[in-house]
Amino acid sequence: MWRLFNSMRDMYSNVTLILTAIIVIVLTQVNPKAKLAEESAKPPGQMMVCIYWSGHNDVDVWGKSPDDDKAVGYSRKSGKTIDLVRDDLGTENVPHFECEFARALPDGRWIFNAHGYAITDPSVSVKAEIRLSGPDGFKLLFETTLELRAKQERTIAQFRMADGHVVPDSLNQVYVPLRSAS
């Protein structure tokens, strides 16, 4: 009688082992292959402009491309070329950021500003970065840190583009109003 139980136990063990092996083999085949980096991580645009700040402050980024009459910011989130991707209201006491992306790089003058919409501190330090898309991802074109007061608008940078490249010696920070002009 014990032999019967031993042989049944061996049979159940073998069946369980075979089913486990089949499940493991099937699960390894179900996992889809990863896409190539070029297919899965296409950037949302050819230029990226981001600003970063801290505290309970609302700072806005504004941008104007050469092919558009009006600037893009919180009240006009999309233009012919530029889109405001993230509008951070600064309500939490965490690091904040806003970003704009340009879908194309038309020739002409580009302008990007930071505006202190609702600054609760005497001033806020705003870090700004402008990056251009390339074959190896976004490359830093320009970065600066601005001190903003309430309702103050300052130019992060303005420059000219020609054939997808920045015209040499055209990059500057001469103030051009964008928020009031839109």
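Overview of the structure. Note that this is a predicted model, so its numbers are computed, not measured.

**Section: the overall build of the protein**
Step number 1: For the protein, the helix and strand inventory stands at two helices and nine strands.
Step number 2: Counting from the amino terminus, the protein carries its helices and strands in the arrangement α-α-β-β-β-β-β-β-β-β-β.
Step number 3: With 182 residues in all, the protein has 35% of them scored as buried.
Step number 4: At a minimum sequence separation of 6, the contacts of the protein that also span at least 24 residues come to 64%.
Step number 5: Looking at the protein as shown, the accessible area adds up to about 11,300 Å², and 57% of this sits on carbon and sulfur atoms.

**As for the pattern of salt bridges**
Step number 1: Counting across every chain of the model gives seven salt bridges.
Step number 2: A salt bridge links Arg-103 to Asp-83; the shortest N-O distance between them is 2.3 Å. On the criterion of sequence distance, the pair formed by Arg-103 in the loop between strand S4 (96-102) and strand S5 (108-118) and Asp-83 in strand S3 (residues 82-86) is long-range, its members being 20 residues apart.

**Re the pairing of strand S8 (residues 153-162)**
Step number 1: With respect to burial, S8 is a largely interior element, seven of its ten residues being buried.
Step number 2: Examined bridge by bridge, S5 and S8 share eight bridges and lie antiparallel to one another. Paired with Ala-114 across the bridge in S8 is Arg-154.
Step number 3: Of the pairings in the sheet, the one linking S8 to strand S9 (residues 165-166) comprises two bridges and is antiparallel in character. Along S9, the bridge assignment pairs Ala-162 with His-165.
Step number 4: Between S8 and the antiparallel strand that follows it, S9, lie two residues; Asp-163 among them carries a positive phi value of about 55°.

**Looking at the sheet that holds S8**
Step number 1: Spatial ordering of the open sheet is given by S2-S5-S8-S9, a layout of four strands whose pairing is antiparallel. This sheet does not close on itself; its edge strands, each paired only once, are strand S2 (58-64) and S9.

**Section: the state of the cysteines**
Here, the word disulfide means a covalent bond between the sulfur atoms of two cysteines.
Step number 1: With the rule as written, the count across this model stands at one disulfide.
Step number 2: One disulfide in the model links Cys-50 with Cys-99; its S-S distance is 2.0 Å. Looking down the S-S bond of the Cys-50 and Cys-99 bridge, the torsion is 110°, so its handedness is right-handed. In this pair, Cys-50 sits in strand S1 (residues 47-53) while Cys-99 sits in strand S4, placing the two residues 49 residues apart along the sequence.
Step number 3: Judged by relative accessible area, which is 3%, Cys-50 ranks as buried.

About the thresholds
Residues numbered from 1 in each chain as written. Predicted model: local features only at pLDDT ≥ 70, side-chain atom pairs only at ≥ 80, totals over all residues. Heavy atoms only, no water. Helix = DSSP H or I, 4+ residues; strand = E, 2+ residues; numbered from the N terminus. Buried < 20%, exposed > 50% of the residue type's maximum accessible area, 1.4 Å probe, protein only. Contact = heavy atoms within 4.5 Å. Areas by Shrake-Rupley, 256 points an atom, 1.4 Å probe, with all protein chains shown as cover. Salt bridge = Lys/Arg side-chain N within 4 Å of Asp/Glu carboxyl O. Pairing = 2+ DSSP bridges. Disulfide = S-S within 2.5 Å.

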